[in-house]
Every structure is written in structure tokens, then in C-alpha cells.
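Spelled out, the chains give:
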Amino acid sequence: MDILDGFRIVLVEPQNPINLGTVIRAMKNMGLRRLRLVNPAAMDLDKTQVSAHRTEDVLSQMEIYSSLDDALSDVHVSYGFSARHRTRTWASLEMEHAIGLCTAEVAQGARVALVFGREQSGLTNDELMRCQYRVHISTSEYTSLNLAQAVLLACYSVHRHVAGIGDAIVAPDRVSCDNHAPKTRRATQDEQTRLLKCIHETLIEVGFYKAATKSTAMHRLQNIFQRADLHDDEIRLLMGMFGEIGNYARLIDRGIRPEKIRPVDKYLDFDRGAIEEKKLQCTETGEMSIRPTSDRDNKSA
């Protein structure tokens, strides 16, 4: 498979067909073909050819989505490009490092999205939260880049790294499935979003949130999971755990206190309330065994 097929260029609410055509031209110049639009303005797509001659092949493959979540649902990692100062703490990378990292990830089978915001205002905080990383393009003190310029710089950097011109960056171990069960795979953003929604609903059930801490708490949790780079089996485990916590909280609210079931430990039986301590004694064969202290032991002591 062509490594460039692993990249998706995602534009959020593009407004102008001429700008869109310039983006398509920049993509084709650098060999990228997969373009996704999120809630674009009504426009005459034929006008894109004014600034992008002979790019009908890219235009014909273009996909349109109603939300950013839908556009990112099948990708593994997304990088949101933003030059605006943000009050929140974001996992932020310089563009060259970010492109080197995501190129290494794509080479190992990941699907990556490079996400760009509106021509006038860029990405909102909420949209940037849906990306694992915030990417910053270094400029002079005049930081304003138009949409097509930002996309061209990113695509050029992708082209350089794929061609082996850019500095080699080894993808972190989180991309590999070697430490997981053979049939596991890296979780998609849709699965991560469903996990965060499950946790959010559970935290509401147990009354965790105080005052206006919801968005801050979820933002920090998202950062934690992004660093962990979860696999599908881990997503299922965490959703099962938080689902049970939510179920327990709902039963308590109804005045029902479910019986607690302790897990069985094959080495120590913690459910025997009469056991105050365990003594280590030698058997006749010289092996070591663990057994509970009995009344007879106490009397003979």
C-alpha cells in the first residue's frame, strides 16, 4: 500500500471554493489524495478548478461529513493545526516533529488525520480536543497563515519524510501491538470517544463533578488516554468497568444495595473472616505451605 494513502487531510467548515481548490492543488503536488470536508458551506465545486487544474481525481475522492467526530471515526491519530494561543494545556508539537512522528505511525499501519480549521477563525477548543495533538507551524511574529498555505506546508513536510528527506523519527512503542494479545488492534478515535462518553456519564451518576469542572476533567482524561494510546481490548475493559460502576450507582439511587461479590484468589482466601493471620509452616516433605491459624495453634503456643 502507498504510505500516502494513510493520511487524511480534514478541513472543518471550508467556505470558499477557490481556497478549497488551492488546498486540493497543494495535496496533489505532494502526492496526497484523501480529502475530507466537515460541514462545508454550499459552494460550486466546479470553481475549485480555477485554482486547481487537472485535479479532478482528488476532487472525485473527496468525502463530506456532517461532524468532525464522524470524519475522524476510523482514524487512529489526529493532529489539529492551530496558531492561536490557547488557555488550556495541550499536547503540542512543532510541525516538522509532528509530521515525522505521524509518518512513522502511518508506516506501521496507522491511519492519520491532519485537521485544519476555518479560513477566518481556525479550530475551536472543542474541535481541538478531538485531536490527539495540537500542531504549531513556526513563523515570525506574524503568525497568520491562510488555509492553503498551512496545508501546503504540512503536505510538503509529509512528502519530504515519506521520501526519506526529512529527519528520521522512530514511532514510539505505542504504535506496536507486540505487547498485546495477537488479535488486538489499536483503538480508533470513535472507540476512544465512546469510552470518554461512558466515563463522563458514569462520573455524573456517582456525583463526581463539582461546580464547573466537567470540561476540565474530561480534557485531562482525554490527554491521559491519548498518551496511553489504547487498544481495542483495553477500551472494552474500561467500558465494562465504568459501565458496572454506573449500574451500581443507579441501584444505590433506587435504594437497592447489591451484594458484593469478592473475586476468588487462588493463593489466599480473603473471604474467611475468622482468619486473623496465616502461618508459614513446613510440611513433612520439606515444602512450604500457607495455612490459617487455628484455635489449636493458639492453645499450644
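Structural data are supplied above this passage.
Residues numbered from 1 in each chain as written. Predicted model: local features only at pLDDT ≥ 70, side-chain atom pairs only at ≥ 80, totals over all residues. Heavy atoms only, no water.

(A) The packing of helix α7 (residues 189-205) against helix α9 (residues 232-253), seen in detail. Relative orientation of the contacting elements α7 and α9 amounts to 20°, with a least axis distance of 9 Å. In terms of their interaxial angle, α7 and α9 are classed as roughly parallel. Between α7 and α9 lies a crossing of left-handed hand. Facing α7, whose interface residues are E191, Q192, R194, L195, C198, I199, T202 and E205, α9 presents D232, I235, L238, M239, F242, G243, I245, G246, A249, R250 and D253. (Axes fitted to C-alpha atoms, helices over the stretch in contact; angles between N-to-C directions. Helix = DSSP H or I, 4+ residues; strand = E, 2+ residues; numbered from the N terminus. Parallel < 35°, antiparallel > 145°, perpendicular 65-115°, else oblique. Left-handed = near helix turned anticlockwise from the far one by under 90°. Contact = heavy atoms within 4.5 Å.)

(B) Region of the structure containing the pairing of strand β2 (residues 35-38). Burial along β2 is two-sided: L35 and L37 and R36 and V38, pointing in opposite directions, are all buried. Strand direction decides the pairing type here: strand β1 (residues 7-12) and β2, joined by four bridges, are parallel. Counted as the bridge partner of V12 is V38 from β2. Read from β1 through helix α1 (residues 17-29) to β2, the crossover connection turns out right-handed. As paired elements, β2 and strand β3 (residues 63-65) share three bridges and run parallel to each other. Bridged to L37 within β3 is I64. A crossover connection joins β2 to the parallel β3 through helix α2 (residues 56-61); in handedness this β-α-β unit is right-handed. (Buried < 20%, exposed > 50% of the residue type's maximum accessible area, 1.4 Å probe, protein only. Pairing = 2+ DSSP bridges. Right-handed = clockwise from strand over helix to strand, strands pointing away.)

(C) Highlighting the environment of L203. Following the sequence through the fold, L203 ends up in helix α7. On a C-alpha basis, the gap between L203 and F242 in space is 8.8 Å, while along the polypeptide they are 39 residues apart. When sequence neighbours within four positions are dropped, the list of residues in contact with L203 reads F208, Y209 and L221.

(D) Structural view of the pattern of salt bridges. Counted according to the given criterion, the structure contains 12 salt bridges. The salt bridge involving R36 is made with D74; its shortest N-O contact spans 2.9 Å. Of this pair, R36 sits in strand β2 while D74 sits in the loop between α3 (68-72) and β4 (77-81); the two residues are 38 residues apart in sequence, bridging distant segments of the chain. Where R250 meets E205, a salt bridge forms, and the shortest distance between an N and an O atom there is 3.2 Å. Taken together, the positions of R250 in helix α9 and E205 in helix α7 put the pair 45 residues apart, joining distant regions of the chain. (Salt bridge = Lys/Arg side-chain N within 4 Å of Asp/Glu carboxyl O.)

(E) Seen up close, the side chain of R118. Inspection of the secondary structure assignment puts R118 in the loop between β6 (112-116) and α5 (125-129). Separated by 2.9 Å, the side chain of R118 and the backbone oxygen of G122 make a polar contact. Those residues in contact with R118, other than ones at most four positions away along the chain, are V12, E13, L123, T124 and E127. (Polar contact = N/O pair within 3.5 Å; in protein donor to acceptor, adjacent residues only side chain to side chain.)

(F) Quick look at a nonpolar patch on the surface. A cluster of nonpolar side chains, contributed by V206, F208 and I245, occupies part of the molecular surface with about 260 Å² of accessible area. Looking at where I245 falls in the secondary structure, it is placed in helix α9. We classify I245 as partly exposed; its relative accessible area is 41%. (Patch = residues over 30% accessible without salt bridge, like charges linked within 9 Å, V, L, I, M, F, W, Y side chains within 5 Å. Areas by Shrake-Rupley, 256 points an atom, 1.4 Å probe, with all protein chains shown as cover.)

(G) Representation of the sheet that holds β2 in the model. Spatially, the seven strands line up as an open sheet ordered β3-β2-β1-β6-β4-β7-β5, and their pairing is parallel. Of all strands in the sheet, those with a lone pairing partner are β3 and β5 (92-94), marking the two edges. Each strand of the sheet is rotated relative to its neighbour by a mean of 30°, with strand direction disregarded. Along the sheet, helix α4 (residues 95-107) contacts β1, β4, β5, β6 and β7 (133-136); its crossing angle with β5, the most-contacted strand, is approximately 100°.

Limitation: the analysis is restricted to geometry and does not speak to function.
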